[in-house]
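The chain contents come next:
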Amino acid sequence: FIVDPTNGRTKLQYGVNVDAADEWDTFRFSGTFTPRAAEDWGFKCIVNEATAPVIGAGTLYYLIGLYEASSALPTEHIGFRSLSSGNWFLVCRNGGIETTVDLGVGPDTTLRLLEFRITGDGTSVQAYVDNVATGAAITTNIPTGLLSCQCGVLCTGTITTAAVMNLWGIGVQSGF
């Protein structure tokens, strides 16, 4: 079936990609998620950090959410990001400009349910941590293009202890 943003079809398609060095480490699962025009949708995942990294130079990124297809750091996305094991942030990035909300917790060994809900036909994104609304809703820099479900660890420098993020579950839901 076709992607039809006017009349309404939701398409979710997955694949597995093995990446080269200096990209998303190990693998990413990806696909194209195309929401219907007048439909609210959301994303949730259960994550924890199995091994806290020791970071030398550069920045370590934990990324999970809906991203443009990219082999480097994605520029268009709605997702969760932690820099060098700092707090999780909800990030909406469009046209190279981003809006962020600090979720108040960082990656650790605790299982966390991270969720965002897009409402108002794509005009607002609200984050939830363990089913509790966290921070203000984002209403700017929300991308409108095709996005893929992705999870990854990216390092722009060196680490001396491995970074391991566990993904225990993931879900995409449309039609809230």
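Owing to the predicted nature of the structure, the values given are computational and were not obtained by experimental measurement. (Residues numbered from 1 in each chain as written. Predicted model: local features only at pLDDT ≥ 70, side-chain atom pairs only at ≥ 80, totals over all residues. Heavy atoms only, no water.)

Some words on the environment of G145
What counts is decided by this rule: In this text, helices come from DSSP runs of H or I with a minimum length of four residues, and strands from runs of E with a minimum of two, each type numbered from the N-terminal end. When accessible area is computed with a 1.4 Å probe and restricted to protein chains, residues below 20% of their type maximum are described as buried, those above 50% as exposed, and intermediate ones as partly exposed.
As for its position among the elements, G145 is in the loop between strand 11 (132-138) and strand 12 (148-155). In this structure G145 comes out as partly exposed when scored by relative accessible area, which is 45%. When the C-alpha atoms of G145 and N94 are compared, they prove to be 9.1 Å apart, with 51 residues separating the residues in sequence.

Some details on the side chain of R112
Inclusion rule: Two N or O atoms count as a polar contact when they lie within 3.5 Å, although within protein this holds only if one can serve as hydrogen donor and the other as acceptor, and sequence-adjacent residues are included solely when both atoms are side-chain atoms.
Of note, R112 is situated in strand 9 (residues 112-119). In this structure R112 comes out as buried when scored by relative accessible area, which is 16%. Of the polar contacts made by the side chain of R112, one reaches the side chain of D108; its length is 3.4 Å.

Section: the pairing of strand 3 (residues 41-51)
In plain terms, the rule: DSSP calls a pair of strands paired once it identifies at least 2 bridges connecting them.
Relative to strand 9, strand 3 runs antiparallel, the two sharing 7 bridges. Residue pairing across strands places C45 opposite L114, the latter belonging to strand 9. Where strand 3 and strand 14 (residues 164-174) come together, 10 bridges link them in antiparallel fashion. Paired with T51 across the strands is V164, a residue of strand 14.

Regarding the confidence of the model for the protein
The following threshold applies: Confidence per residue, as judged by the predictor, is encoded in pLDDT with a range of 0 to 100. By the convention used here, residues are in contact when the closest approach between their heavy atoms is within 4.5 Å.
Looking at the protein, pLDDT values average 77 and 73% of them are 70 or higher. When the criterion is pLDDT under 50, residues 7-30 qualifies, and its contacts beyond four places in sequence or with other chains add up to 69 contacts.

Here's the deal with unusual backbone geometry
Phi angles above zero are rare outside glycine, and N131 is one such case at about 70°. For N131, the location among the structural elements is in the loop between strand 10 (124-129) and strand 11. A relative accessible area of 54% places N131 in the exposed class.

Quick look at the nonpolar core
Stated precisely, the cut-off is as follows: By nonpolar core is meant a set of buried Ala, Val, Leu, Ile, Met, Phe, Trp, Tyr and Cys residues that side-chain atoms within 4.5 Å join together.
Of all hydrophobic cores here, the largest spans 30 residues; its most connected members are I78, F80, W88, F116 and V125. Put simply, the parts of the chain that give this core at least two residues each are strand 3, strand 5 (60-67), strand 6 (77-83), strand 7 (88-94), strand 9, strand 10 and strand 12.

Regarding a nonpolar patch on the surface
Note the cut-off: Each patch is built from salt-bridge-free residues with over 30% relative accessible area, joining like charges within 9 Å and nonpolar side chains (Val, Leu, Ile, Met, Phe, Trp, Tyr) within 5 Å. Using the Shrake-Rupley algorithm and a 1.4 Å probe, accessible areas are obtained, with residue cover drawn only from the displayed protein chains. What makes a salt bridge here is a side-chain nitrogen of Lys or Arg within 4 Å of a carboxyl oxygen of Asp or Glu, nothing more.
Together, I46, L111 and W168 make up a nonpolar patch on the protein surface, roughly 320 Å² of accessible area in all. Within the secondary structure, W168 sits in strand 14. Of the residues examined, W168 reaches a relative accessible area of 56% and is grouped as exposed.

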